[in-house]
Amino acid sequence: MPEISTAFTRVHWAAWAVLPIAASALYRKKGGFYYKTAASLVCMALIALYGVLASLTLPLFGKTHLINWTVARLYYHIAGYFTGISVTIEGKEHLKTGRPSVYVCNHQSSMDVLFMASVFPKATSVVAKKSIKYYPFLGWYMTLSKAIFLDRKNRDSAIKEAKQAAEDIHKKKISVWLFPEGTRGHPHELNLLPFKKGAFYMAVQAHVPVVPIVVSNYNHLYDSKAKRFLSGNVKIKVLPPVDTTNIQEDSASIDTLTNEVREQMLATLKEISEIPPPGPGTSETKKSQ
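Residues numbered from 1 in each chain as written. Predicted model: local features only at pLDDT ≥ 70, side-chain atom pairs only at ≥ 80, totals over all residues. Heavy atoms only, no water.

**Student:** Tell me about helix H3 (residues 33-57), and please be specific about residues and values.
**Tutor:** Between its first and last C-alpha atoms H3 spans 36 Å; for 25 residues at 1.5 Å apiece the expected length is 36 Å, and the two agree. The complete set of buried residues in H3 reads Phe-33, Tyr-35, Lys-36, Ala-39, Ser-40, Cys-43, Ile-47, Ala-48, Gly-51, Val-52, Ala-54 and Ser-55. (Helix = DSSP H or I, 4+ residues; strand = E, 2+ residues; numbered from the N terminus. Expected span 1.5 Å × (residues − 1). Buried < 20%, exposed > 50% of the residue type's maximum accessible area, 1.4 Å probe, protein only.)

**Student:** Before we move on, could you go through the sheet that holds strand E9 (residues 232-238) and cite the residues and values that matter?
**Tutor:** Strand order in the open sheet formed by seven strands is E1-E9-E6-E2-E5-E3-E4, and the pairing between neighbours is mixed. Two strands close off the open sheet at either side, each with one partner strand: strand E1 (85-90) and strand E4 (148-150). On average, each strand axis in the sheet is tilted by 25° relative to the strand beside it, whichever way the strands run. Relative to E9, strand E6 (residues 210-215) runs antiparallel, the two being bridged by three bridges. Note on E9: the bridge partner recorded for Ile-213 is Val-238. In the packing of helix H5 (residues 112-119) onto the sheet, contacts are made with E1, strand E3 (124-129), strand E5 (175-178), E6 and E9, and the angle to E1 comes to roughly 45°. (Pairing = 2+ DSSP bridges. Axes fitted to C-alpha atoms, helices over the stretch in contact; angles between N-to-C directions. Contact = heavy atoms within 4.5 Å.)

**Student:** Now, about the packing of aromatic side chains: what can you tell me, with residues and values included?
**Tutor:** Going through the model one piece at a time under the given rule, you end up with nine aromatic pairs. Here Phe-33 and Tyr-222 contribute two aromatic rings whose centre-to-centre distance is 6.3 Å and whose plane-to-plane angle is 25°, an arrangement assigned as stacked. With Phe-33 in helix H3 and Tyr-222 in strand E7 (residues 222-223), the pair connects residues that are 189 residues apart, well separated along the chain. Both residues of the pair, Phe-33 and Tyr-222, count as buried. For the pair Tyr-222 and Phe-229, a centre-to-centre distance of 5.1 Å together with 80° between the ring planes defines the contact as edge-to-face. Side by side, Tyr-222 and Phe-229 carry an identical accessibility label, which is buried. Each member of the aromatic cluster is reached from another via a ring pair, and the members are Phe-33, Tyr-34, Tyr-222 and Phe-229. (Phe/Tyr/Trp six-rings, centres within 6.5 Å; stacked < 30°, edge-to-face > 60°.)

**Student:** So what's going on with the UniProt feature "transmembrane region" (unreviewed entry) in the protein? Residues and values would help.
**Tutor:** In the numbering used here, UniProt assigns the feature "transmembrane region" (unreviewed entry) to residues 6-27 and 39-62. End C-alpha atoms of residues 39-62 are separated by 33 Å, and the span's content is 79% helix alongside 0% strand. (UniProt positions renumbered as here; feature names shortened; annotations may be inferred.)

**Student:** I'd like to hear about the layout of surface pockets, residue by residue, with values.
**Tutor:** Of the volumes computed, that of the second largest pocket is approximately 550 Å³. Of the residues in the lining of the second largest pocket, the class split is nine nonpolar, nine polar and seven charged. (1 Å grid on protein atoms, 1.4 Å probe; cavity = no way out; pocket = protein on both sides within 12 Å on 5 of 7 lines; lining within 4 Å. Points joined across faces, edges and corners; volume = space filled by probe spheres on them. Nonpolar A, V, L, I, M, F, W, Y, C, P; charged D, E, K, R; others polar.)

**Student:** So what's going on with a positive patch on the surface? Which residues, and what values?
**Tutor:** Together, Lys-63, Lys-92, Lys-96 and Lys-122 give the surface a local cluster of positive charge. Among the secondary structure elements, Lys-63 is positioned in the loop between H3 and helix H4 (67-83). Among the residues examined, Lys-63 registers a relative accessible area of 37% and is labelled partly exposed. (Patch = residues over 30% accessible without salt bridge, like charges linked within 9 Å, V, L, I, M, F, W, Y side chains within 5 Å. Areas by Shrake-Rupley, 256 points an atom, 1.4 Å probe, with all protein chains shown as cover. Salt bridge = Lys/Arg side-chain N within 4 Å of Asp/Glu carboxyl O. Lys, Arg positive; Asp, Glu negative; His and termini not counted. Charge placed at Lys NZ, Arg CZ, Asp CG, Glu CD.)

**Student:** Give a description of the packing of H4 against H5 that names residues and reports values.
**Tutor:** Two elements in contact, H4 and H5, have axes separated by 8 Å at closest approach and are oriented at 125°. Considering the angle they form, H4 stands oblique to H5. As H4 runs across H5, the sense of the crossing is left-handed. Each of Ala-72, Arg-73, Tyr-75, Tyr-76, Ala-79, Gly-80 and Thr-83 in H4 lies in contact with H5, whose residues at this interface are Val-113, Leu-114, Ala-117, Ser-118 and Val-119. Residues of the contact of H4 with H5, tallied by class, amount to eight nonpolar, three polar and one charged. (Parallel < 35°, antiparallel > 145°, perpendicular 65-115°, else oblique. Left-handed = near helix turned anticlockwise from the far one by under 90°.)

**Student:** Run through empty space enclosed by the protein, naming residues and quoting values.
**Tutor:** Any empty space left between atoms is shown by rolling a water-sized probe over those atoms. If you walk through the whole model with that rule in mind, you get one cavity of 30 Å³ or more. Of the volumes computed, that of the largest cavity is approximately 70 Å³. Here the lining of the largest cavity is composed, by residue class, of three nonpolar, seven polar and two charged.

**Student:** Which residues make up H5, and what are the values?
**Tutor:** When you tally the buried positions in H5, you get seven out of eight residues, the bulk of the element. Of the residues making up H5, those classed as buried are Asp-112, Leu-114, Phe-115, Met-116, Ala-117, Ser-118 and Val-119. Tucked inside the fold, the buried residues of H5 contact H4, E1, E3, E5, E6 and E9.

**Student:** Tell me what's going on with the nonpolar core, and back it up with residues and numbers.
**Tutor:** Nonpolar side chains in soluble globular proteins tend to be buried together. Grouped together as the largest cluster of nonpolar side chains are 46 residues, with contacts concentrated most on Phe-115, Met-142, Trp-177 and Ile-213. Leave out the neighbours within four places in its chain, and Phe-115 touches Ile-85, Val-87, Val-215, Tyr-218, Val-234 and Ile-236. (Core = buried A, V, L, I, M, F, W, Y, C linked by side-chain atoms within 4.5 Å.)

**Student:** Which residues make up the confidence of the model for the protein, and what values do they have?
**Tutor:** For the protein, mean pLDDT is 83; residues scoring 70 or higher make up 81% of the total. Ranking the elements of the protein by mean pLDDT puts helix H10 (residues 283-288) last with 38 and E6 first with 98. When the criterion is pLDDT under 50, residues 13-20 qualifies, and its contacts beyond four places in sequence or with other chains add up to two contacts. Counting interchain partners and residues more than four positions distant, the pLDDT-below-50 stretch residues 281-289 has five contacts. (pLDDT = per-residue confidence, 0-100.)

Next up, the structure:
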């Protein structure tokens, strides 16, 4: 026994640090829901910590526009590796508009952060709900990186923040990323929730294009209620920018723009998605019981 104990103490500390990482790498495609969920959360915490450091240091070198982009890419590559998730992107050229833009994307689950990270453009800020501001690590990073927090419960505050975002787009030459559904949709359906108009008001007020981004339905890979988390590939399609130069700021014009973009995105969602399995409580599920 003393010999075994001595042998363990002789193992370099670096080996003990590398061992969990090596084990996770070997297990990444075989791990189940709890393993992959834990892996993605650990990766998010570590990358958020990097984001705090990046937010403090990159501006010193004139690289503020790279803060969110480097955080996104690191998170996609690291979390994607340890969960066995990858993406195929179509229309990536539409991300390079040559000017600030408002990027809008459909919202299915918490996993959207990973897919968002795979296509997140440089010089882009995130619009998020105010409650995220108080999350450890993630909230600290987003606050330091000048994310735009909207208080959905306070309409006047949300409108004020949206107008400020439009001014920043114009003056600071930055883009913004939003989920116009406002909350997670129905992953068991090839559908989108009604869009909130804030993103489209921002684009029209700032005179910048709207760039729709559609993530295919991935319920066959991830479903938190069914405790399903599989490895696989998800399709993402970036649609051509929608010009807003000649659109008026009145409610009717914004409604028209909002509905047109939603219809484009819904058609694309149906085009690139696999048919999702029936969800709990649907007619297909009831028939099979």
